[in-house]
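Residues per chain, in single letters:
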Amino acid sequence: MLTVHHLRISQSERIVWLLEELGLEYDLKLYNRDPDTRLAPADLKALHPMQIAPLIEDGGTMLGESGAIVDYIVGKYAPETDLAPRPDHADFADHLYWFHFANATFMTNGMMQIAVGALGGDMPPPLAKRVTNAWAQIETRLGKADYFGGLQLTTADIMMVFQLTTSRAFNNMAIDHMPNLKAYLQRIGARDAYQTAMAKAEPGFPPKLD
């Protein structure tokens, strides 16, 4: 059985959600952040050289990186799922773009903001523009399609949603000026698998869907 090592209030919630969407059995191990550093605790750090989550165990395999984990689970346990459009699907390119945008661009922007803020500075204009461009692109996309990958939920959404919800709990960013995003998050929040995943992964921490 797959084991998911989930650090509370982190992007590893993605893996729990994916497994619930696929209806796969798994063992979930929750870790609370170190109260002093706010990073992973020692018992989670000991599992992998990067000392961060998410991590999954599958037999003798220990795998990190949420994008790699998503691809691994789909490829090994659900190769026919509609959550990952195939090359002959009309939504294939859009799905790929947003799947990789989630960590390669969007998550990177967020980490830059956190780092600059921790140093007491302001984002340099070129970097600030990358942030505003990303959020504007998200709002535009969700005005054209119900989901990032196209007509239906895909693993692109599973990769994107953390930055749009839980991550905003760190900065209380308002999205009242983004009606397409707000409507999208309500669609996500209505999904049984998402509700179940968040109840398991983040007990006592309601999803930030507005």
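One can find the structure itself at the top, above this paragraph.
What you are looking at is a predicted structure, and each value in this text was computed from that prediction instead of being measured.

## Re the side chain of Thr3
Moving on, step 1. Along the chain, Thr3 turns up in strand β1 (residues 2–7).
Moving on, step 2. Take Thr3: its relative accessible area is 11%, and that puts it in the buried class.
Moving on, step 3. If we skip the residues at most four places from it in the chain, Thr3 touches Asp27, Lys29, Leu55, Ile56 and Glu57.

## Quick look at unusual backbone geometry
The general pattern is negative phi for most residues beyond glycine and trans for most peptide bonds.
Moving on, step 1. With omega at 5°, the peptide bond leading from Ala53 into Pro54 counts as cis.
Moving on, step 2. Backbone geometry at Ile9 places phi at a positive 55°, although glycine is not the residue there.
Moving on, step 3. Inspection of the secondary structure puts Ile9 in the loop between β1 and α1 (13–22).
Moving on, step 4. If you check the backbone angles, Arg38 has positive phi at about 65° while not being a glycine.
Moving on, step 5. Structurally, Arg38 is set in the loop between β2 (26–31) and α2 (42–45).

## A look at the pattern of salt bridges
When the charged atoms of two side chains with opposite charge come close together, those side chains can pair.
Moving on, step 1. Applying the stated criterion across every chain yields a total of six salt bridges.
Moving on, step 2. The salt bridge involving Glu202 is made with Arg8; its shortest N-O contact spans 2.6 Å. Placement of the pair is Glu202 in the segment after α8 (192–201) and Arg8 in the loop between β1 and α1, with a sequence separation of 194 residues. Comparing Glu202 with Arg8, the two get one shared label, buried.

## Remarks on the nonpolar core
Moving on, step 1. Membership of the largest hydrophobic core comes to 47 residues, with the highest contact counts inside it found for Trp17, Ile73, Ile138, Phe148, Leu164, Leu181 and Tyr184.
Moving on, step 2. When residues of this core are traced back to their parent elements, those giving at least two are β1, α1, α3 (66–77), α4 (92–118), α5 (125–144), α6 (155–164), α7 (179–189) and α8.
Moving on, step 3. With residues near it in sequence (within four places) discarded, Ile138 still touches Trp98, Phe101, Phe106, Phe148, Met160, Leu164 and Leu181.
Moving on, step 4. With six residues, the next largest nonpolar core counts Leu7, Ala40, Leu44 and Ala53 among its residues.

## Considerations on the sheet that holds strand β4 (residues 61–64)
Moving on, step 1. Taken together, four strands build an open sheet; the order of strands is β2-β1-β3-β4 and the sheet is mixed. At either end of the open sheet lies a strand with only one pairing partner, and these are β2 and β4. Strand-to-strand twist in this sheet, taken as the mean axis angle between neighbours without regard to direction, amounts to 20°.
Moving on, step 2. Bridge count for β1 against strand β3 (residues 55–58) is three bridges, and the pairing is antiparallel. Looking at the pairing, Val4 lines up with Ile56 of β3.
Moving on, step 3. Across the sheet, α1 touches β1, β2 and β3, and the angle it forms with β1 is around 140°.

The rules behind each value
- Residues numbered from 1 in each chain as written.
- Predicted model: local features only at pLDDT ≥ 70, side-chain atom pairs only at ≥ 80, totals over all residues.
- Heavy atoms only, no water.
- Helix = DSSP H or I, 4+ residues; strand = E, 2+ residues; numbered from the N terminus.
- Buried < 20%, exposed > 50% of the residue type's maximum accessible area, 1.4 Å probe, protein only.
- Contact = heavy atoms within 4.5 Å.
- Salt bridge = Lys/Arg side-chain N within 4 Å of Asp/Glu carboxyl O.
- Core = buried A, V, L, I, M, F, W, Y, C linked by side-chain atoms within 4.5 Å.
- Pairing = 2+ DSSP bridges.
- Axes fitted to C-alpha atoms, helices over the stretch in contact; angles between N-to-C directions.

These results come straight from atomic positions and should not be treated as a statement about function.
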